[in-house]
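# Geometric and topological summary
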Amino acid sequence: MENPELYIEALIFSSEQSIRTEEIIYCLQSVFERDFSREEIIAYLDNIKTKYQDPNLAIELVNVANGYQFLTKKDYHAVINLLQLQRSKKKLSPAALETLAIIAYKHQVTKLEIEQIRGVNSEYSIQKLLEKDLITIAGKSETVGRPILYSTSQQFMDYFGINSLSELPQIKDFTDNSSSIGEQAE
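The structure reproduced in this document is the subject of the present report.

## So, the nonpolar core
- In terms of nonpolar packing, the biggest core is built from 20 residues, with Leu100, Leu129, Ile135 and Phe156 touching the most fellow members.
- Secondary-structure elements contributing two or more residues to this core are helix H5 (94–106), helix H7 (123–131) and helix H8 (154–160).
- Formed by 16 residues, the second largest nonpolar core is a distinct cluster that contains Ile12, Ile48, Leu61 and Phe70.

Below you can see the structure in the form of structure tokens.
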């Protein structure tokens with residue numbers, strides 16, 4: 001019998017985004033024409049993860065966005081970052097980053113709410129984020145006029161290497177109390 005572990009490795013390697021365990025099971029069941037349990041697939045994934053922990057390899061298997069993906073090890077991020085900077089012609093503008101941050105932290109938000117927070121028209125930024133698949137249309141609000149609700153996408157999770165929005169840095173982590181005016185009372 002052929003080795004399912006190699007098929008799993010090929011699936012993860014060829015996937016542009018993280019691949020969920022359920023997707024792996026579906027593909028293997030179709031190829032091998034037998035049932036695979038979640039535990040069996042997890043055991044194969046653990047073997048692959050162990051295999052790629054070898055210090056002579058530059059990539060590792062990582063659980064990200066509720067799936068699995070091959071990523072470069074942290075030791076190589078500096079050189080990869082240089083390549084990405086060289087190739088990045090499709091960077092997000094500061095306006096798009098602001099808009100994306102609002103959507104990520106508010107979870108589901110309307111265009112009007114985004115514009116009230118930013119203080120400027122955000123139509124262009126929203127359109128660009130939709131084109132890059134970093135946000136999706138989550139439905140319609142129950143408020144007057146039933147405006148469209150925007151939320152982050154699976155691509156957003158992959159891009160930022162997180163499994164859920166709860167992994168985003170908390171706003172309190174960004175505050176700096178060292179630049180306060182006046183003396184502090186003791």
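Alright, that's what it looks like, and here's the rest.
## Remarks on the side chain of lysine 73
- Within the secondary structure layout, lysine 73 lies in the loop between strand E2 (67–72) and helix H4 (77–87).
- With sequence-adjacent residues up to four places away left out, lysine 73 is seen in contact with Tyr52, Gln53, Asp54, Pro55, Leu57, Ala58, Ile59 and Glu60.

## Brief notes about the packing of aromatic side chains
- This model, assessed by the stated rule, comprises 3 aromatic pairs.
- When the centroid spacing of 4.9 Å and the interplanar angle of 55° are considered together, the rings of tyrosine 52 and phenylalanine 70 count as tilted. Of this pair, tyrosine 52 sits in the loop between helix H3 (38–51) and strand E1 (59–64) while phenylalanine 70 sits in strand E2, placing them 18 residues apart in sequence. Neither tyrosine 52 nor phenylalanine 70 differs from the other in exposure class; each is buried.
- One aromatic cluster is present, built from ring pairs that chain together Tyr7, Phe32 and Phe36.
- Directly above the ring of phenylalanine 36 sits arginine 34, whose terminal nitrogen or CZ lies 3.8 Å from the centroid.

## Side note on the packing of helix H2 (residues 21–32) against H3
- Closest axis-to-axis distance for the H2/H3 pair is 10 Å, and the angle between their directions is 100°. Between H2 and H3, the crossing angle belongs to the class labelled roughly perpendicular. Between H2, through Thr21, Glu22, Ile24, Ile25 and Leu28, and H3, the contact on the second element is made entirely by Arg38, Ile41, Ile42 and Leu45.
- Residues belonging to the contact of H2 with H3 are distributed by class as follows: 6 nonpolar, 1 polar and 2 charged.

## A word on the pattern of salt bridges
- Summed over the entire model, instances satisfying the criterion amount to 10 salt bridges.
- Between arginine 20 and glutamate 23 there is a salt bridge, with the nearest N and O atoms lying 3.8 Å from each other.
- One salt bridge connects lysine 111 with glutamate 123, and the closest N-O pair in it is separated by 3.6 Å. Note that lysine 111 is positioned in helix H6 (residues 111–118) and glutamate 123 in helix H7, a separation of 12 residues in sequence.
- If you follow the salt bridges from partner to partner, you end up with Arg20, Glu22, Glu23 and Arg38 in one network.

Calculation criteria
- Residues numbered from 1 in each chain as written.
- Predicted model: local features only at pLDDT ≥ 70, side-chain atom pairs only at ≥ 80, totals over all residues.
- Heavy atoms only, no water.
- Core = buried A, V, L, I, M, F, W, Y, C linked by side-chain atoms within 4.5 Å.
- Buried < 20%, exposed > 50% of the residue type's maximum accessible area, 1.4 Å probe, protein only.
- Helix = DSSP H or I, 4+ residues; strand = E, 2+ residues; numbered from the N terminus.
- Contact = heavy atoms within 4.5 Å.
- Phe/Tyr/Trp six-rings, centres within 6.5 Å; stacked < 30°, edge-to-face > 60°.
- Lys NZ or Arg CZ within 6 Å of the ring centre and 35° of its normal.
- Axes fitted to C-alpha atoms, helices over the stretch in contact; angles between N-to-C directions.
- Parallel < 35°, antiparallel > 145°, perpendicular 65-115°, else oblique.
- Nonpolar A, V, L, I, M, F, W, Y, C, P; charged D, E, K, R; others polar.
- Salt bridge = Lys/Arg side-chain N within 4 Å of Asp/Glu carboxyl O.

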